[in-house]
Amino acid sequence: MSNNGWQFDNSYTSLPEMMYVRLKPTKVSDPKMVLFNEPLALKMGLDFPLSGQNNAQLFAGNQIPHGAEPIAQAYAGHQFGHFTMLGDGRAIVLGEHITPDNRRIDIQFKGSGPTPFSRGGDGRAALGPMLREYIISEAMHGLGIPTTQSLAVVTTGENVYRENGPLPGAILTRVAASHIRVGTFEYLAMKGDFPTSKKLVDYALKRHYPQTDQDTLHALTLLKNVMEQQLNLIINWLRVGFIHGVMNTDNMTISGETIDYGPCAFMDIYNPETVFSSIDHGGRYAFGNQPSMAKWNLTRFAETLLPLIDSDSKTAVNIATEIIDSYDEQFETKWLAMMKNKLGLVGEEQGDKDLITQLLTLMEQNRADYTNTFFNLLKGETAQEMIFQKDAFKSWQQKWHDRRLLNSDSQEISQELMKKHNPVVIPRNHKVEEALDAACKNGDLTPFNNLLAAVKTPYTSQKDISPYQSYPTEGSEIYQTFCGT
Ligand code: AMP
Ligand code: MG
């Protein structure tokens, strides 16, 4: 019997039963397809009719494909610094699909009804936030940054009730390398179940880092790998001006993928203190705090592994601390390399770091747009933007020009480097809001699809790109994004 290309092979359910609860999505009354990610479906080897309404029952969870074993996963997490028991309160992992190129990926519904982890929530999601996750995760994928992806969005035909009244309910199908989080380990540490922690360490290592040289202590191998992947991820976020907005430990994956696009946003005007999220009052997850917050989360991760590192707790702490302490230096090296790529600097010269920080200071002082400043430097023309008119900036440009002459490689290589590391277009908040508004209020997906097309190939200058490059004018900025519920 044809199973539409699904190749389920579920391994998470081989872990102890405390890790999950088996349950099916709650059926919905009148599902309708809104979005379907055809290129992703093709890459996944799916072969059912790729468009039209036929798939609505499937992506609403009304029909469960053969081989799926739906579960809600148990996890805990530190939310804004406070530890809580969480779990999939509105998500259900349908199962693990094996792609034609032999990758194991989780297929997860988000908004598919209550679970034992719902904590009084309705288990549902509204259309706007699911469209937001779809477009931002596609943009991240286009930017070449590890991320979960979105396969489909359906509306349920039912309303969900939020502060701002009734909203159309929706379900997003999310595809991820896995949904194992720092919070999954925190859950087991909270339970004090270290035999299960050990099983999860081995499972995660085998699933995400099978090629790496393994320490005799698997917990250490995992910690080092997760730290490296998370460092790479944060560096990528900083490269493109991404602000996750809710970097709680339950939203930090062991795979190193970006997950959970709630109140996230891309920064327009450069300022490390930028915060968009309406729930982030203290600026805990501000743009420039992300590296230290990732380190904070990794420290919580290391703590969960201590009993697996050494039976003597002091020794275990010393070993883990040494690893965590190497974060800052690794970050510094990777950050410098990334910024040099953005500026097309090859080789090592003494003043490189100063040159970079001088630029960032000038950008902050002149309220320069992060993306456009680098894009205009790449184009090499005198740009309209105010910063380009300033003498201090012009003299910085001269220094940058002189430094580029010291590159060991040709100028073309330097130019290519800049092209590869500086997006032409990002999903700017005001454009995202405009697209979601049209889709949710008028059922008009045109702005959404246009924006989607633009952000899918962010490093190439396309026709009619200028509306997506303009940042909001003074007074029309969007200051807040609301958590995706
Ligand atoms: P998030 O902020 O999306 O990472 O979610 C944090 C926790 O809240 C997770 O355990 C979610 O499953 C849960 N949650 C969020 N929204 C809902 C909802 N509408 N119903 C039930 N649980 C929810
Ligand atoms: Mg989450």
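Report on the accompanying structure. (Residues numbered from 1 in each chain as written. Chains lettered and ligands numbered in written order. Predicted model: local features only at pLDDT ≥ 70, side-chain atom pairs only at ≥ 80, totals over all residues. Heavy atoms only, no water.)

**A few points about the overall build of the chain**
Then comes step 1: For the chain, the count of helices and strands is 16 helices and twelve strands.
Then comes step 2: Taking 2.2 N^0.38 as the reference for a compact globule, 485 residues should give roughly 23 Å; the C-alpha atoms of the chain span a radius of gyration of 23 Å, in line with that estimate.
Then comes step 3: Counting every position in the chain, which comprises 485 residues, the buried fraction comes to 58%.
Then comes step 4: Residue pairs at least 24 apart in sequence account for 71% of intrachain contacts in the chain once pairs closer than 6 positions are excluded.
Then comes step 5: If you sum the accessible surface of the chain, you get close to 20200 Å²; carbon and sulfur atoms cover 50% of it.
Then comes step 6: Each charge class in the chain was averaged separately, 44 positive and 55 negative side chains, and the resulting centres sit 3 Å apart. (Helix = DSSP H or I, 4+ residues; strand = E, 2+ residues; numbered from the N terminus. Rg over C-alpha atoms; globule rule 2.2 N^0.38 Å. Buried < 20%, exposed > 50% of the residue type's maximum accessible area, 1.4 Å probe, protein only. Contact = heavy atoms within 4.5 Å. Areas by Shrake-Rupley, 256 points an atom, 1.4 Å probe, with all protein chains shown as cover. Lys, Arg positive; Asp, Glu negative; His and termini not counted. Charge placed at Lys NZ, Arg CZ, Asp CG, Glu CD.)

**Considering the environment of Leu 417**
Then comes step 1: Secondary-structure assignment places Leu 417 in helix α13 (residues 411-421).
Then comes step 2: Residues Leu 417 and Leu 343 lie 74 residues apart in sequence; the distance between their C-alpha atoms is 8.1 Å.
Then comes step 3: Leaving out residues up to four positions away in the same chain, Leu 417 has contacts with Asn 341, Gly 344, Leu 345 and Val 346.

**Focus on the packing of helix α4 (residues 182-191) against helix α5 (residues 194-208)**
Then comes step 1: Between α4 and α5, the least distance of the axes is 8 Å, while the angle of their chain directions is 160 degrees. Here α4 is positioned roughly antiparallel relative to α5, judged by the angle of their axes. Handedness of the α4/α5 crossing: left-handed. Contacts from Thr 184, Phe 185, Leu 188 and Ala 189 in α4 reach Phe 194, Thr 196, Ser 197, Leu 200, Val 201 and Ala 204 in α5. (Axes fitted to C-alpha atoms, helices over the stretch in contact; angles between N-to-C directions. Parallel < 35°, antiparallel > 145°, perpendicular 65-115°, else oblique. Left-handed = near helix turned anticlockwise from the far one by under 90°.)

**Focus on the site of ligand 1**
Then comes step 1: Around ligand 1, 17 residues are found, and the nearest of them are Gly 87, Gly 89, Asp 122, Gly 123 and Asp 260.
Then comes step 2: Between an oxygen atom of ligand 1 and a side-chain N or O atom of Arg 119, the distance comes to 3.0 Å.
Then comes step 3: Tallied by class, residues from the shell around ligand 1 come to two nonpolar, seven polar and eight charged.
Then comes step 4: Taken domain by domain, the makeup of the shell around ligand 1 includes at least three residues from each of domain 1 (12-176) and domain 2 (181-424 + 469-485). (Near = heavy atom within 4 Å. Polar contact = N/O pair within 3.5 Å; in protein donor to acceptor, adjacent residues only side chain to side chain. Nonpolar A, V, L, I, M, F, W, Y, C, P; charged D, E, K, R; others polar. Domains from an automatic or database assignment.)

**Observations concerning unusual backbone geometry**
Then comes step 1: For Asn 102, which is not glycine, the phi dihedral falls at a positive 65 degrees.
Then comes step 2: Tracing the backbone shows Asn 102 in the loop between β6 (91-98) and β7 (104-110).
Then comes step 3: On the basis of relative accessible area, Asn 102 is assigned to the exposed category, the value being 65%.
Then comes step 4: A positive phi angle, near 45 degrees, is found at Arg 367, a position not held by glycine.
Then comes step 5: Among the secondary structure elements, Arg 367 is positioned in the loop between α10 (352-365) and α11 (370-379).

**Quick look at the coordination of the magnesium ion (ligand 2)**
Then comes step 1: Surrounding the magnesium ion (ligand 2) are the protein donor atoms Asn 251 (OD1) and Asp 260 (OD), at 1.8 to 2.2 Å.
Then comes step 2: Residue classification places Asn 251 among the buried residues on the basis of a relative accessible area of 11%.
Then comes step 3: On the basis of relative accessible area, Asp 260 is assigned to the buried category, the value being 16%. (Donors = N, O, S within 2.8 Å, 3.2 Å for Na, K, Ca; no water.)

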